[in-house]
Amino acid sequence: MAAAVQANGLPVRTYPCNNEKYEVAALYQQALKAGAVAVAGPLTQPGVAALVAIQDMPVTTLALNVVEMPRSDALYFFGLPPESEARQVAQWSTRQGLLSATIVRTDSVLSKRLAQAFADSWKRAGGIVQSEIVYGGDPLPLRLIPADPGNMVFLAAESAQARLIRPYINMALPIYATSQAFAGNGSNLVNYDLAEVRFVDMPWVVQPDHPAVMIYAHASPPLPHDMERLYALGVDAYRLLQVLYQHDMSNALPLDGVTGKLRLNGHVVEREAVLSVMREGQGLAMDYKPPVDPKTLSTGEAKLPAESQPR
């Protein structure tokens with residue numbers, strides 16, 4: 001899709017893969033022999049690990065996952081690691097003046113990773129972790145979280161568990177989460193359970209009317225929510241690969257991408273997601289402004305609600 005929109009873009013050839021861990025090296029050489037001047041992929045961590053084992057990249061290569069390994073050749077990394085969102089939540093909430101956090105997580109591997117990433121970043125910023133609650137079905141510890149000024153909750157849970165946990169937490173407490181807590185705007189009634197939860201996500205999901213998003217068509221028929229995020233990753237990966245191939249980093253970055261604001265830190269693309277909130281069953285960017293209904297306008301001025309009318 002990005003290739004169809006981008007002017008003078010690189011043509012795209014795809015190489016199907018059944019097992020990236022074992023097939024990536026051979027497919028990479030196959031692409032080079034076919035004349036590839038830039039390569040995007042693979043997607044999985046085992047696949048990227050196999051790619052990293054190749055010592056020198058002869059062409060610009062953008063791996064669609066992130067591994068902690070410095071590179072000085074033509075290999076770059078871009079992905080959607082949920083831990084980076086947890087770190088952004090810590091940074092955003094400290095900027096809001098919050099001082100202490102209660103971490104609520106489940107026993108899943110992903111939840112533990114999110115909790116650890118948040119706690120590390122939160123402590124580095126000077127925040128205090130009051131406690132860590134592992135939710136196993138007992139709501140009492142959640143109800144006892146103190147709603148003291150400056151306290152917050154980091155909800156390190158995926159969407160199904162987050163919807164179970166949130167109703168037991170005092171509404172006076174600011175609650176933050178990652179995009180893992182949000183399963184899309186297709187089920188308003190389900191989303192009501194996440195009322196006022198602040199989370200980070202990509203413009204593709206929470207800002208469909210953003211100019212950087214509107215120029216790219218969504219898949220038809222619509223994809224499942226998790227696949228929509230990968231679709232958006234593909235759009236930005238193509239755009240980034242163009243920038244890297246043309247060595248235009250100083251002019252083209254940061255990039256206003258459909259997955260977020262994209263910057264290059266060494267050989268890793270860092271993504272700044274959009275701070276969002278669950279409100280009336282919808283996940284919306286915090287700075288979202290609803291369109292003005294022409295029926296509410298009179299002679300170019302907005303009518304005030306009855307209780308706001310001057311007396």
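Everything quoted here is computed from the prediction, not taken from an experiment.

With that out of the way, let us pick up the pairing of strand β6 (residues 151–156). It is a general feature of regular strands that their side chains alternate between the two faces of the sheet. Counting buried residues in β6 gives six out of six residues, a clear majority hidden from the surface. With burial as the criterion, each face of β6 is covered, one bearing N151, V153 and L155 and the other bearing M152, F154 and A156. Direction of pairing for strand β4 (residues 100–105) relative to β6: parallel, over a ladder of six bridges. Its bridge partner being in β6, V104 is matched across the sheet by L155. Examined bridge by bridge, β6 and strand β7 (residues 175–177) share three bridges and lie parallel to one another. Opposite V153, over in β7, you have I175 as the bridge partner. Handedness of the crossover joining β6 and β7 through helix α7 (residues 159–165): right-handed.

So, on to the side chain of D236. Structurally, the position occupied by D236 is in helix α11 (residues 225–245). Residue D236 is classed as buried on the basis of its relative accessible area, which comes to 0%. A polar contact is formed between the side chain of D236 and the side chain of T259, at a distance of 2.6 Å. Among residues more than four places away in sequence, those in contact with D236 are F78, G257, V258, T259, G260 and L262.

To continue, consider the pattern of salt bridges. Inspection of every chain in the model, using the stated rule, returns twelve salt bridges. Between R229 and D226 there is a salt bridge; the shortest N-O distance is 3.7 Å. On the criterion of helical spacing, the pair formed by R229 and D226 is a turn pair, its members being three residues apart in helix α11. Measuring nitrogen to oxygen at the nearest pair gives 3.0 Å for the salt bridge that ties R263 to E272. Taking relative accessible area as the criterion, R263 reaches 38% and is therefore assigned partly exposed. Overlapping salt bridges bring together R105, D107, K112 and E132 as one network.

About the cut-offs
Residues numbered from 1 in each chain as written. Predicted model: local features only at pLDDT ≥ 70, side-chain atom pairs only at ≥ 80, totals over all residues. Heavy atoms only, no water. Buried < 20%, exposed > 50% of the residue type's maximum accessible area, 1.4 Å probe, protein only. Helix = DSSP H or I, 4+ residues; strand = E, 2+ residues; numbered from the N terminus. Pairing = 2+ DSSP bridges. Right-handed = clockwise from strand over helix to strand, strands pointing away. Polar contact = N/O pair within 3.5 Å; in protein donor to acceptor, adjacent residues only side chain to side chain. Contact = heavy atoms within 4.5 Å. Salt bridge = Lys/Arg side-chain N within 4 Å of Asp/Glu carboxyl O.

The quantities given are spatial measurements derived from coordinates; they are silent on function.
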